[in-house]
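# Examination of the molecular architecture
Spelled out, the chains give:
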Amino acid sequence: MRVAVIQLAYTDSEPMAERIHRVASLVESQEGADLVVLPELWSAGGFDYPAWPDKAQDVEGPVAQALSEAAANLGAYVHAGSIIEKSGEPGAEGRGLWNTSMVFDPDGELVGTYRKIHRFGFGNGEPKLLEAGEDVVVLDFDEPSSGDESGSNSVKVGLATCYDLRFPELFRKQVDEGAEIFVIPAAWPAARIAAWRTLLQARAIENQVFVIACNTAGTHAKTEMGGNSAVISPSGEVLAEAGRGERVLTLDIDVDEVRAARESFPVLSDRRL
Ligand SMILES: O=C(O)CCC(=O)C(=O)O
């Protein structure tokens, strides 16, 4: 499976409509990719809290339309990062806004959404403005190359977002639902990038999965983003890693390595529940 991780940089001065257009073109240019991944809240601005209500949209809004079209034109799965989702239903706390990831299939169909469960901000930002997601999401992707020995040719992909990375129990739940890859878009600041790198490796090692993590670059809302998007193997090897600036990481991963790692070192079967 060829993966393209688009570590996007943006500033406060780029209007949202232009950014959507730029990002959709970048996605479409990833020829040969089977899965393209974008960062968290790139359209609304990860730390631009005051802008969120105005930039909120539903899962059929401008970001969804542009990325659905890009996925279909490219013929690849696209994890569109996340949007500030505004829904007609208010939600448990009456706010009606969520930090929601969207995934499109190679026909451009929306095949999954994930509402971020752990809200970041310690009383400000997400906990003040957004609802918390409630559902663990693991999607089935068609594997592009031939299937494994059992004849199966689908891959199970678990979704999480940024701050969720600090909550290992979410990822264990995904593993219990069969996850072989975790896809994690983020707007993780430079100030804590050492923790990001360590936690990505930890989640890969302890769950024996591929981790595909797409962070934001650049500085917006006075917050410098940390970059260091990465793809990590089921044994914790960093297969590709970006630096601080805008960059696309492209590489092939073999999902059979997950099954092989779990067979040769069956640590998950030693869990005591
Ligand atoms: O946990 C962190 O240090 C960063 C989390 C974050 O920025 C987010 O979830 O948006």
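All residue numbers refer to position in the chain's written sequence, counted from 1. Restriction of local features to residues with pLDDT of at least 70 applies here, the model being predicted, together with a cutoff of 80 or more for giving and counting side-chain atom pairs; totals for whole chains, interfaces and linings are based on all residues. Excluded from the side-chain calculations are hydrogens and water; all other atoms, namely the structure's heavy atoms, are used.

So, about the overall build of the protein chain. The helix and strand tally for the protein chain stands at 7 helices and 14 strands. Radius of gyration: C-alpha atoms only; globule rule: 2.2 Å multiplied by the number of residues to the exponent 0.38. Computed over the C-alpha atoms, the radius of gyration of the protein chain is 17 Å, within 12% of the 19 Å expected from 2.2 N^0.38 for a compact globule of 273 residues. Oriented by its inertia axes, the alpha-carbon framework of the protein chain measures out at about 50 × 40 × 35 Å. The classification of residues rests on relative accessible area computed with a 1.4 Å probe and restricted to protein chains. Under 20% of the type maximum is buried, over 50% is exposed, and intermediate values are partly exposed. Taken over 273 residues, the protein chain has a buried fraction of 54%. Contacts were defined at the residue level, with two residues in contact if any of their heavy atoms lie within 4.5 Å. Counting only contacts in the protein chain whose residues sit at least 6 apart along the sequence, the fraction spanning at least 24 positions is 66%. Accessible surface for the protein chain amounts to roughly 11500 Å². Of this, 48% is attributable to carbon and sulfur atoms. Here the positive residues are Lys and Arg and the negative ones are Asp and Glu; neither His nor the chain ends is included. Lysine's charge is taken at NZ, arginine's at CZ, aspartate's at CG and glutamate's at CD. For the protein chain, the distance from the average position of its 24 positive side-chain charges to the average position of its 43 negative side-chain charges is 9 Å. Note on conventions: DSSP H or I runs of at least 4 residues are helices, E runs of at least 2 residues are strands, and numbering of each starts at the N terminus. Note that accessible areas follow from Shrake-Rupley with a 1.4 Å probe, and for residues the cover is restricted to the protein chains shown.

Across soluble globular proteins, nonpolar side chains have a tendency to be buried as a group. The biggest cluster of nonpolar side chains holds 50 residues, and the ones touching the most others in it are Phe141, Ile181, Ile184, Leu200, Val211, Ile212 and Ile253. Residue contacts for Ile181: discarding those within four places in its chain leaves Met1, Val155, Lys156, Val157, Gly158, Val209, Phe210, Ile212, Ile253 and Val255. By nonpolar core is meant a set of buried Ala, Val, Leu, Ile, Met, Phe, Trp, Tyr and Cys residues that side-chain atoms within 4.5 Å join together.

Looking now at the sheet that holds strand β1 (residues 2-7). Pairing is mixed in the open sheet, where 6 strands are placed in the order β5-β4-β3-β2-β1-β14. The sheet is open, and its two borders are formed by β5 (110-115) and β14 (247-252), each paired with just one other strand. Recorded for the sheet is a direction-independent mean angle of 25 degrees between the axes of neighbouring strands. Pairing of strand β2 (residues 35-37) with strand β3 (residues 77-86), which is carried by 3 bridges, proceeds in the parallel orientation. The residue of β3 that forms the bridge with Val37 is His79. Whenever a helix is involved, its axis is fitted only over the stretch in contact; in every case the axis is a line through C-alpha atoms, and angles between N-to-C directions fall within 0 to 180 degrees. Against the sheet, helix α3 (residues 62-74) contacts β2, β3 and β4 (97-104), and its axis sits at roughly 15 degrees relative to β4. A strand pair is defined by DSSP finding two or more bridges across the two strands.

For the rest of this paragraph, the subject is the pattern of salt bridges. Whenever Lys or Arg places a side-chain nitrogen within 4 Å of a carboxyl oxygen from Asp or Glu, that contact is recorded as a salt bridge. This structure, assessed with the given rule, holds 16 salt bridges. Among the salt bridges present, the one from Arg22 reaches Glu246, with a minimum N-O distance of 3.2 Å. Pair noted here: Arg22 is in helix α1 (residues 16-28) and Glu246 is in the loop between β13 (238-241) and β14, with a separation of 224 residues, a long-range link. Between Glu93 and Arg119 there is a salt bridge; the shortest N-O distance is 3.0 Å. Of this pair, Glu93 sits in the loop between β3 and β4 while Arg119 is found in the loop between β5 and α4 (126-129), placing the two residues 26 residues apart along the sequence. By relative accessible area, Glu93 is classed as partly exposed at 40%.

Our next topic: the sheet that holds strand β7 (residues 154-159). Sheet architecture is open: 6 strands sit in the order β6-β7-β8-β9-β12-β13, paired in mixed fashion. Bordering the open sheet on either side are β6 (138-142) and β13, each of which pairs with just one other strand. Neighbour-to-neighbour, the strand axes of this sheet turn through a mean angle of 20 degrees, independent of strand direction. Looking at chain direction, strand β12 (residues 230-232) and β13 are connected through 3 bridges and run antiparallel. Bridged to Val231 within β13 is Ala240. Lying over the sheet, helix α5 (residues 168-176) contacts β6, β7 and β8 (181-185), oriented at roughly 140 degrees with respect to β8.

The next thing to look at is the packing of α1 against α3. In contact at an axis separation of 9 Å, α1 and α3 are set at 20 degrees when each is read in the N-to-C sense. As the angle between them shows, α1 and α3 are arranged roughly parallel. α1 and α3 meet at a crossing whose hand is right-handed. Contact residues: Ile20, Ala24, Val27 and Glu28 in α1; Pro62, Val63, Ala66, Leu67, Glu69, Ala70, Asn73 and Leu74 in α3. By the convention adopted, Pro, Cys, Tyr, Trp, Phe, Met, Ile, Leu, Val and Ala count as nonpolar, Lys, Arg, Asp and Glu as charged, and the other residues, Gly among them, as polar. Of the residues contributing to the contact of α1 with α3, the split by class is 9 nonpolar, 1 polar and 2 charged. Relative orientations are named as follows: roughly parallel for angles under 35 degrees, roughly antiparallel for angles over 145 degrees, roughly perpendicular for angles from 65 to 115 degrees, and oblique for any other angle. Crossings are sorted by hand: turned counterclockwise from the far helix by less than a right angle, the near helix makes the crossing left-handed, and turned clockwise it makes it right-handed.

To continue, consider the packing of aromatic side chains. The pairing test for Phe, Tyr and Trp rings, Trp by its six-membered ring, is centres within 6.5 Å, and the orientation test on the planes gives stacked under 30 degrees, edge-to-face over 60, and tilted for anything in between. On inspection of all chains with the given rule, the structure shows 10 aromatic pairs. Look at Phe47 and Tyr49: their rings are 6.1 Å apart centre to centre, the planes differ by 40 degrees, and that puts the pair in the tilted class. Ring centres of Phe171 and Phe182 lie 4.9 Å apart, and the angle between their planes is 55 degrees; on these two criteria the pair is classed as tilted. Taken together, the residues Phe171 in helix α5 and Phe182 in strand β8 connect sequence positions 11 residues apart.

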